[in-house]
Amino acid sequence: MSYKFLEPFKLANGVEIKNRVVFPPTTLRSSFATGVVTDDEVNYYKMRAGGPGLVIVEMAYVSMAGKTYVGQIGIDSDEKISGLKKIADVIKNRGSVPVLQLSFGGRIAQTAAVLHDDVVGPSDVPGHQPGMATPRPMTDEEIRQSITDFGEATRRAIAAGFAGVELHGANMYAMQQFFSEHANQRTDEWGGDLNDRMRYGLAVLDAVVAARDEYADDRFIIGYRQSPEEPTTPGIRFTDSLAMAQEIIKRPISYFHISLKDAFQTPFMNKEDKEPLYAKYKAILGDIPLIVAGLLRTPEQVEALVQAGVDGAAIARELIVDPNWVQKVMNNDEKGIRYAISTSDFEMLGIPEPLRFWLLTRFKKGLVVSTDEQFDPEVPWAYYRG
């Protein structure tokens, strides 16, 4: 069968991606305690690059204050560049385009991950899940420093040989927190009405664009990831997110990426609205390509999304379970695609120990890990209890 998702597409800056399959960020928790890249991480990306046109490497913290979890990759110092270069090189050598996601954890950070258990955020409001730390509100100086840190992280990503960076404005991380009426109750210039709550994310984007302009050229990819809604009141609604997206695309971004529980979902905070969220974004993005992540498993699902007008389909779980998913589709070997793995396969599939442990504690189903389950390795550990 001929699939449109195997055809190339171009990002807004003219970079061609060889197909429309995207490997989105997956949380490995496998770096050294210092945030330096390990051989396990390099091998993991080596095994999964080559098939997808675009590989977005898991979020790297831009400063120690912005670290989210133990085992996270860091890009907070020049000493980290050589390790990051190993990942960028192995992805390029396999024929995929490497992009590095940049993040600041904020209020969802593990206390064990940050210095002196000092979890920070826009305001002293803990995250959505029970048992999370109450963050210390960031000072104006700390906010401005974090913005600068995103720019410096972009410089390092360029030096490490990545083709681009993606800003993590989704999944409850700090860029989303500043935008959220739930997380952000500030009364200074970094909080307030909808437009004021956009200020932090746009300032980060401007800093990244400035670094790109200074150290690279417009072929360097800049992506922005967003979660359209929050499950709280008050909280982000998709109309808010669309308004911010319209501001974001006034900047020179290369693609827009939305993180969903289901790629075809409609607004979950407005059950009467039956239009898929991806369609709402496509209506406003113009020439900016849209990438959508959310429970995509089969070639039929991916093709349906692409045929509906989405430019890139992000597949995380399936490429963990079957690193050769794309190659099997290309070789008309769809019956050979695996949709579940045994713990006996972890070594063969290059799954690092921390991800193995997380998979086992998440599923608790004995020897078989099934991707039918409603989980998403792209969202932070704090989403999951037990």
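Residues numbered from 1 in each chain as written. Predicted model: local features only at pLDDT ≥ 70, side-chain atom pairs only at ≥ 80, totals over all residues. Heavy atoms only, no water.

An unreviewed UniProt entry annotates the protein as NADH-dependent flavin oxidoreductase originating from Weissella fermenti.

## A few points about the UniProt feature "domain: NADH:flavin oxidoreductase/NADH oxidase N-terminal" (unreviewed entry) in the protein
Basically, it comes down to this: UniProt positions are given in the numbering used here, feature names are shortened, and annotations may be inferred rather than shown by experiment. Helical segments are the DSSP runs of H or I of at least four residues, strand segments are the runs of E of at least two, and each set is numbered from the N terminus.
The sites that carry the UniProt feature "domain: NADH:flavin oxidoreductase/NADH oxidase N-terminal" (unreviewed entry) are, in the present numbering, residues 6–332. Helix makes up 34% of residues 6–332 and strand 16%, whereas the separation of the span's terminal C-alpha atoms amounts to 12 Å.

## A few points about the pairing of strand β12 (residues 290–293)
Note the threshold: Each residue is placed in one exposure class: buried if its accessible area under a 1.4 Å probe, protein chains only, is under 20% of its type's maximum, exposed if it is over 50%, and partly exposed if it falls in between. A pair of strands is treated as paired once DSSP finds two or more bridges between them. A right-handed crossover is one whose linking path, passing over the helix from the first strand to the second, runs clockwise when the strands point away from the viewer.
Of the two faces of β12, the one holding L290 and V292 and the one holding I291 and A293 are both buried throughout. As paired elements, strand β11 (residues 255–259) and β12 share 4 bridges and run parallel to each other. By the bridge assignment, S259 is partnered in β12 with A293. The parallel pair β11 and β12, bridged by helix α8 (residues 277–285), forms a crossover whose chirality is right-handed. When β12 meets strand β13 (residues 312–314), the two strands line up parallel, connected through 3 bridges.

## Regarding the packing of helix α3 (residues 140–159) against helix α6 (residues 199–215)
We apply this condition: Between N-to-C directions, angles span 0 to 180 degrees; the directions come from axes that are lines fitted to C-alpha atoms, helices contributing only their stretch in contact. Crossing chirality is assigned from the near helix's rotation relative to the far helix, an anticlockwise turn below a right angle marking it left-handed and a clockwise turn marking it right-handed. Contact criterion: two residues are considered in contact whenever any of their non-hydrogen atoms come within 4.5 Å of each other. Any residue that is not Ala, Val, Leu, Ile, Met, Phe, Trp, Tyr, Cys, Pro, Asp, Glu, Lys or Arg is counted as polar, Gly included; the first ten are nonpolar and the last four charged.
One way to put it is that α3 packs onto α6 with a least axis distance of 8 Å and a crossing angle of 35 degrees. Judged by the sense of rotation from one axis to the other, the crossing of α3 with α6 is right-handed. Residues I143, S146, I147, F150, G151, T154, R155 and I158 of α3 form the contact with α6, whose participating residues are Y200, A203, V204, A207, V208, A211, R212 and Y215. Looking at the contact of α3 with α6 residue by residue, the classes come out as 11 nonpolar, 3 polar and 2 charged.

## Things to note about the environment of D149
Within the fold, D149 resides in helix α3. Sequence separation between D149 and A207 is 58 residues, and the spatial gap between their C-alpha atoms is 8.8 Å.

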